[in-house]
Amino acid sequence: MFKGLVKLTGAAILIASLVGCGMWTGNNKKTNDDSTYKVQNKVQNYKQDGMLGITSVNPNNPMNPTYHHYEDDANLMKAVLAQLPGIEKSNIAINGTTVNVRINPNDALTAAQVEELRSQAQMALETNMPRYKIQVRMVH
């Protein structure tokens, strides 16, 4: 009696595993559509970032190399501007991907020096902040 129960249980497990694996040939008909098995006929790989590629899809993940706050970016821009001589005061306004920088140059600078300072500030900020569109204006 016990052996018959073991055989019946084994048969039930075998049938359940075949149904679960999609091998049951009853009403399930396999189609020739391979799109459920492949993504555009190529294998998709994760980036080798140690996070299974999630740093690319979640820009607010602190592990993402492009993760910054506006405050961090503004502080970096102020540090870049502090290295340029001739700036008396500066104001930085970040609006999305656009940064408006207003610079008050020293009164002792000539018009040519003011334009050179504006050009240097523009180039320095664009080099250090490539993700922003920088607009530098000189204010007297």
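J.: Go over the pattern of salt bridges, please, and point to the residues and values.
T.: According to the stated counting rule, one finds two salt bridges in the structure shown. The salt bridge partner of Arg131 is Asp73, with a shortest N-O separation of 3.0 Å. In this pair, Arg131 sits in the loop between α4 (111-128) and β3 (133-138) while Asp73 sits in helix α3 (residues 70-82), placing the two residues 58 residues apart along the sequence. Owing to a relative accessible area of 38%, Arg131 belongs among the partly exposed residues under this scheme.

J.: Before we move on, can you summarise the pairing of strand β1 (residues 87-95) with the specific residues and values?
T.: Bridging between β1 and strand β2 (residues 98-105) involves eight bridges; their strand directions are antiparallel. In the sheet register, Ala93 faces β2, and the bridge partner there is Asn100. Two successive antiparallel strands, β1 and β2, enclose a turn made up of two residues, where Gly96 displays a positive phi of approximately 70°.

J.: Describe the nonpolar core, with residues and values.
T.: With 19 residues, the main nonpolar core has Leu81, Val101, Ile103, Leu125, Ile134 and Val136 as its most contacted residues. Contributing elements (two or more residues each) for this core: α3, β1, β2, α4 and β3. Among the elements that make up this core, the one with the highest residue count is α4 (five residues). Not counting residues within four places of it along the chain, the set of residues in contact with Leu81 comprises Ile87, Ser90, Ile92, Val101, Ile103, Ala121 and Leu125.

J.: Help me get a handle on α4, residues and values and all.
T.: Between its terminal C-alpha atoms α4 stretches 26 Å, which fits the 26 Å expected from 18 residues at 1.5 Å a residue. Among the residues of α4, Val114, Leu117, Ala121, Gln122, Ala124 and Leu125 are the ones counted as buried. On its buried face, α4 is in contact with α3, β1, β2 and β3.

J.: Give me the sheet that holds β2: which residues, what numbers.
T.: Strand order across the open sheet formed by three strands is β1-β2-β3, with mixed pairing between neighbours. Only two strands of the sheet have a single partner each, and these edge strands are β1 and β3. On average, each strand axis in the sheet is tilted by 20° relative to the strand beside it, whichever way the strands run. Each of β1 and β2 is contacted by α3, which is oriented at about 155° to β1, the strand it contacts most. Packing of α4 onto the sheet brings it into contact with β1, β2 and β3, and relative to β3 it is tilted by some 160°.

J.: With reference to specific residues and values, describe a nonpolar patch on the surface.
T.: Residues Phe2, Leu5, Val6 and Leu8 make up a contiguous nonpolar surface patch of roughly 450 Å² in combined accessible area. Within the secondary structure, Phe2 is located in helix α1 (residues 2-20). In this structure Phe2 comes out as exposed when scored by relative accessible area, which is 63%.

J.: Talk me through α3; I want residue IDs and the actual numbers.
T.: Between the first and last C-alpha of α3 there are 18 Å, a value that for 13 residues agrees with the 18 Å anticipated at 1.5 Å per step. Every buried residue of α3 is listed here: Asp73, Ala74, Met77, Val80 and Leu81. All buried residues of α3 lie within an arc of 120° about the axis, which places them on one face of the element. More than 90 degrees from the buried face of α3, the exposed residues found are Glu71 and Ala82. Looking at the packing, one finds that the buried side of α3 touches β1, β2 and α4.

Definitions and limits used
Residues numbered from 1 in each chain as written. Predicted model: local features only at pLDDT ≥ 70, side-chain atom pairs only at ≥ 80, totals over all residues. Heavy atoms only, no water. Salt bridge = Lys/Arg side-chain N within 4 Å of Asp/Glu carboxyl O. Helix = DSSP H or I, 4+ residues; strand = E, 2+ residues; numbered from the N terminus. Buried < 20%, exposed > 50% of the residue type's maximum accessible area, 1.4 Å probe, protein only. Pairing = 2+ DSSP bridges. Core = buried A, V, L, I, M, F, W, Y, C linked by side-chain atoms within 4.5 Å. Contact = heavy atoms within 4.5 Å. Expected span 1.5 Å × (residues − 1). Axes fitted to C-alpha atoms, helices over the stretch in contact; angles between N-to-C directions. Patch = residues over 30% accessible without salt bridge, like charges linked within 9 Å, V, L, I, M, F, W, Y side chains within 5 Å. Areas by Shrake-Rupley, 256 points an atom, 1.4 Å probe, with all protein chains shown as cover. Arc of directions from axis to C-beta.

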